[in-house]
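# Observations on the model geometry
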Amino acid sequence: MKLLLKNIAMLLQIRPLTTQKVSGPQMKELPSLENAWLLLEDDVIHSFGNMSEMPNFQDIKTLDCSGKTVLPSWCDSHTHLVYAGNREQEFVDRINGLSYQEIAASGGGIINSAKKLQATTQTALFAQSEKRLQEVIQQGTGAIEIKSGYGLTTQAEMKMLRVAKQLGEKYNITVKTTFLGAHAIPPEYKNNKDGYLDLVCGEMMEKISSENLADYVDVLKVTVPAVLKESGIDPKSVIGITTDFTACTVLPVKEDGTPLSELPEFSKNPHAFVKLW
């Protein structure tokens, strides 16, 4: 299917096909073209140019974009869009000078969100999250990452990820999911942090993998602080932390590129997954 956008007041991000990324001073540049047209074929940009040079297209669905700006959609790579209720009171607490640690110690923070989410049905959670997704789509987001991490139990974490997957199936937007089970330590594991990490890396990972609910896994929020504490290293001396995904790290796939970890017969086989060294 072809779609022609014409009379575009300003077409943004006009860059050569060879541009792989921009950084540094280039981030201040915003290439644009005024009074432009743009042709799409099967939802892919085919060509564009100035209205004075537009070919005589025939029998093509056309949108008049007079007075409008056309730009690429946003790619939101870090969100917590799926959650239950809100923590409005904590804004007041912060204004009154309480730290995140003090708020958490009084039952607020992530633990507060986890309690609300655990008590919310998957249907209700989808309804709340759907409204947020509709809003970000309306504001121009075309791809979004959604994390779990406000469940802190196997069933609640899976509930979050199921909702995120359902959102991606219902709406015309790319959704990538991240399992963030180690977002915080639940109160019942306060004196048994290793036990909770065993739950995250064992039962949670196994069940989430069996349903192919997560595209990515993030446990750095707990493991890195734990390693620093045990090593006695001053966190202030750490300049940065990276996850090294090297060229020699292999992701086993089928001939068509499907990861073996997404196949039912290999979903519980650790050798079917990427290994991060």
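These notes cover the structure that comes with them. (Residues numbered from 1 in each chain as written. Predicted model: local features only at pLDDT ≥ 70, side-chain atom pairs only at ≥ 80, totals over all residues. Heavy atoms only, no water.)

Attention shifts here to the overall build of the chain. Looking only at helices and strands, the chain features seven helices and nine strands. If you line up the chain on its principal axes, its C-alpha atoms span 70 × 55 × 45 Å. By the burial criterion, 32% of the 277 residues in the chain qualify as buried. When contacts within the chain are restricted to residue pairs at least 6 apart in sequence, those whose partners lie at least 24 apart make up 69%. Surface summary for the chain: the accessible area is close to 17,900 Å², and the carbon and sulfur share equals 55%. When the 28 basic and 33 acidic side-chain charges of the chain are each reduced to a single mean position, those positions are 5 Å apart. (Helix = DSSP H or I, 4+ residues; strand = E, 2+ residues; numbered from the N terminus. Buried < 20%, exposed > 50% of the residue type's maximum accessible area, 1.4 Å probe, protein only. Contact = heavy atoms within 4.5 Å. Areas by Shrake-Rupley, 256 points an atom, 1.4 Å probe, with all protein chains shown as cover. Lys, Arg positive; Asp, Glu negative; His and termini not counted. Charge placed at Lys NZ, Arg CZ, Asp CG, Glu CD.)

Glancing now at unusual backbone geometry. Positioned with a positive phi, Asp 43 is a non-glycine residue whose angle comes to about 70°. For Asp 43, the position within the fold is in the loop between strand E2 (32–41) and strand E3 (44–50). Residue Asp 43 is classed as exposed on the basis of its relative accessible area, which comes to 77%. Phi angles above zero are rare outside glycine, and Leu 152 is one such case at about 65°. Here Leu 152 shows up in the loop between strand E7 (141–147) and helix H5 (154–170).

Moving on to the pattern of salt bridges. Evaluation of the coordinates by the stated rule reveals six salt bridges. Between Lys 170 and Glu 130 there is a salt bridge; the shortest N-O distance is 2.4 Å. Of this pair, Lys 170 sits in helix H5 while Glu 130 sits in helix H4 (residues 122–138), placing them 40 residues apart in sequence. Since its relative accessible area comes to 14%, Glu 130 is described here as buried. Taking the shortest distance from any N to any O, the salt bridge between Glu 211 and Arg 162 comes out at 2.8 Å. One end of the pair, Glu 211, is in the loop between helix H6 (193–210) and strand E9 (216–217); the other, Arg 162, is in helix H5, with 49 residues separating them in the sequence. Judged by relative accessible area, Glu 211 falls into the partly exposed class, the value being 37%. (Salt bridge = Lys/Arg side-chain N within 4 Å of Asp/Glu carboxyl O.)

Our next topic: the pairing of E3. Strand direction decides the pairing type here: E2 and E3, joined by six bridges, are antiparallel. Each residue of the ladder has a partner; that of Leu 38, found in E3, is Phe 48. What sits between E2 and E3 in their antiparallel hairpin is a turn of two residues, with Asp 42 showing a positive phi close to 55°. (Pairing = 2+ DSSP bridges.)

Of note, Ser 47 is situated in strand E3. Within the structure, Ser 47 has its side chain in polar contact with the side chain of His 46 (distance 3.0 Å). Aside from chain neighbours lying at most four places away, what touches Ser 47 is Trp 37, Leu 38 and Leu 39. (Polar contact = N/O pair within 3.5 Å; in protein donor to acceptor, adjacent residues only side chain to side chain.)

A word on the sheet that holds strand E6 (residues 74–76). Spatially, four strands are ordered E6-E7-E8-E9 in an open sheet, and the strand pairing comes out parallel. With one partner strand each, in any of the chains shown, E6 and E9 form the two edges of the open sheet. Note that E6 and E7 share three bridges and pair parallel. Paired with Trp 74 across the strands is Thr 141, a residue of E7.

Among the secondary structure elements, Lys 165 is positioned in helix H5. Among the residues examined, Lys 165 registers a relative accessible area of 23% and is labelled partly exposed. Linking Lys 165 and Lys 176, residues eleven residues apart in sequence, is a C-alpha distance of 8.1 Å. Discounting chain neighbours no more than four positions away, the residues touching Lys 165 are Thr 177, Asn 212, Leu 213, Ala 214 and Asp 215.

Helix packing for two helices is described by the angle between their axes and how far apart those axes are. Running from N to C, H4 and H5 cross one another at 50°; their axes reach a closest spacing of 10 Å. As judged from the angle between their axes, H4 and H5 are oblique. Here H4 and H5 pass one another in a crossing that is right-handed. Where H4 abuts H5, its residues Gln 122, Leu 125, Phe 126, Ser 129, Glu 130 and Leu 133 lie against Lys 159, Met 160, Arg 162, Val 163, Gln 166, Leu 167 and Lys 170. Split into classes, the residues belonging to the contact of H4 with H5 amount to six nonpolar, three polar and four charged. (Axes fitted to C-alpha atoms, helices over the stretch in contact; angles between N-to-C directions. Parallel < 35°, antiparallel > 145°, perpendicular 65-115°, else oblique. Left-handed = near helix turned anticlockwise from the far one by under 90°. Nonpolar A, V, L, I, M, F, W, Y, C, P; charged D, E, K, R; others polar.)

What is shown is where atoms sit, not what they do.
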